[in-house]
Amino acid sequence: RKMSSNTSDDNSAFDAERYVVVTTTHPTTYGCNRGKNWSKAELIARSDRDATGSFETREEAIKEARRIRNKSCYFEDACEPDPNEYTEEEWEDIAEDEGGGYVFTNSDEPPYHSSHLGNWDNDEEETVDVMTRGEFEQQQEENAAFLRREGMKRRYKFTVQHKIMELQIKDAGR
């Protein structure tokens, strides 16, 4: 899986205090994963994280996060449509057809979790959040360091088990 930081801005203009929208797609413990208890390392390794945009204010980033959420298939039919995206006639038709009852509205603050919709057939869910570029990069670095430590632990455990088996074989005279 990937842990990327895609932006439309030139990376040389990187500014840790600007806001980004972070979309994370991660496995569930239901759907085809029913009963699976993911370790932290498995969740990190099996999740896709993308940071998009570069916004001066949190409010601008939240507006983009709502747009991303509303367009995502993980949040389908659960989001209040943005009236600015429709003509007055279209909006009247939508309001009449939908009748409200949305799980997510245009005034909700992130993070947005598709798991709140309770679609227990989903194999993956999506979270849409807003944070600074610096916060996102720090989380990415922490996740990568955690995976490195877990890999070293696994290699050490394998090496110890292998050495024990070699000694047992030697003691058995084979």
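Think of each chain on its own: its residues are numbered from 1, step by step along the sequence as written. This being a predicted model, a pLDDT of at least 70 is required before a residue's local features are given, and a value of 80 or more before pairs of side-chain atoms are given or counted; all residues contribute to the totals for chains, interfaces and linings. For side-chain calculations, the full set of non-hydrogen atoms in the structure is used, while hydrogens and water are omitted.

A.B. asks: Any chance you could explain the overall build of the chain here in plain terms?
C.D. replies: Secondary structure follows DSSP: runs of H or I at least 4 residues long count as helices, runs of E at least 2 residues long count as strands, and numbering of each begins at the N terminus. Summing up its helical and strand segments, the chain has four helices and four strands in all. The linear arrangement of helices and strands in the chain, starting from the amino end, is β-α-β-α-α-β-β-α. The buried label goes to any residue with under 20% of its type's maximum accessible area, the exposed label to any with over 50%, and the partly exposed label to all in between, with areas taken from a 1.4 Å probe on protein chains only. Put simply, the chain has 174 residues, and 32% of those count as buried. Counting contacts in the chain only where the partners sit at least 6 residues apart, residues at least 24 apart contribute 77% of the total. The accessible surface values rely on the Shrake-Rupley method and a 1.4 Å probe; as for residues, cover is taken only from the protein chains in view. Entry remark: accessible area of the chain is about 11,600 Å², with carbon and sulfur atoms responsible for 47%. Whether two residues are in contact is decided by their heavy atoms, any of which lying within 4.5 Å being enough.

A.B. asks: How should I be thinking about the nonpolar core in this particular structure?
C.D. replies: For soluble globular proteins, nonpolar side chains are generally found buried alongside one another. Take the buried residues of types Ala, Val, Leu, Ile, Met, Phe, Trp, Tyr and Cys, join any two whose side-chain atoms come within 4.5 Å, and each joined set is a nonpolar core. Formed by 13 residues in total, the largest nonpolar core has its most connected members in Val 21, Ala 65, Phe 75, Phe 104, Tyr 112, Val 128 and Val 130. Elements that contribute at least two residues to this core include exactly α2 (58-71) and β4 (124-132). For this core, the element with the most residues is α2, which contributes four residues. Setting aside residues up to four positions removed in sequence, Phe 104 forms contacts with Arg 69, Phe 75, Ala 78, Cys 79, Glu 80, Tyr 112, His 113, His 116 and Leu 117. Counting five residues, the second-largest nonpolar core is a separate cluster that includes Val 20, Val 22, Met 131 and Phe 136.

A.B. asks: Is there a simple way to explain the side chain of Thr 127 in this structure?
C.D. replies: Tracing the backbone through its elements, the reader meets Thr 127 in strand β4. Aside from chain neighbours lying at most four places away, what touches Thr 127 is Val 22, Thr 23, Thr 24, His 26, Pro 111, Tyr 112 and His 113.

A.B. asks: Honestly, a negative patch on the surface in this entry has me stumped. Any pointers?
C.D. replies: Note that patches include only residues with greater than 30% relative accessible area and no salt bridge, and the join distances are 9 Å for like charges and 5 Å for nonpolar side chains (Val, Leu, Ile, Met, Phe, Trp, Tyr). Salt bridge criterion: a side-chain nitrogen from Lys or Arg within 4 Å of a carboxyl oxygen from Asp or Glu. Under the counting rule used here, the positive set is Lys and Arg, the negative set is Asp and Glu, and His together with the chain ends is not counted. Just so you know, the charge point we use is NZ for Lys, CZ for Arg, CG for Asp and CD for Glu. On the surface, a cluster of negative charge is made up of Asp 15, Glu 17, Glu 56, Glu 59, Glu 60, Glu 109 and Glu 135. Residue classification places Glu 17 among the exposed residues on the basis of a relative accessible area of 58%.

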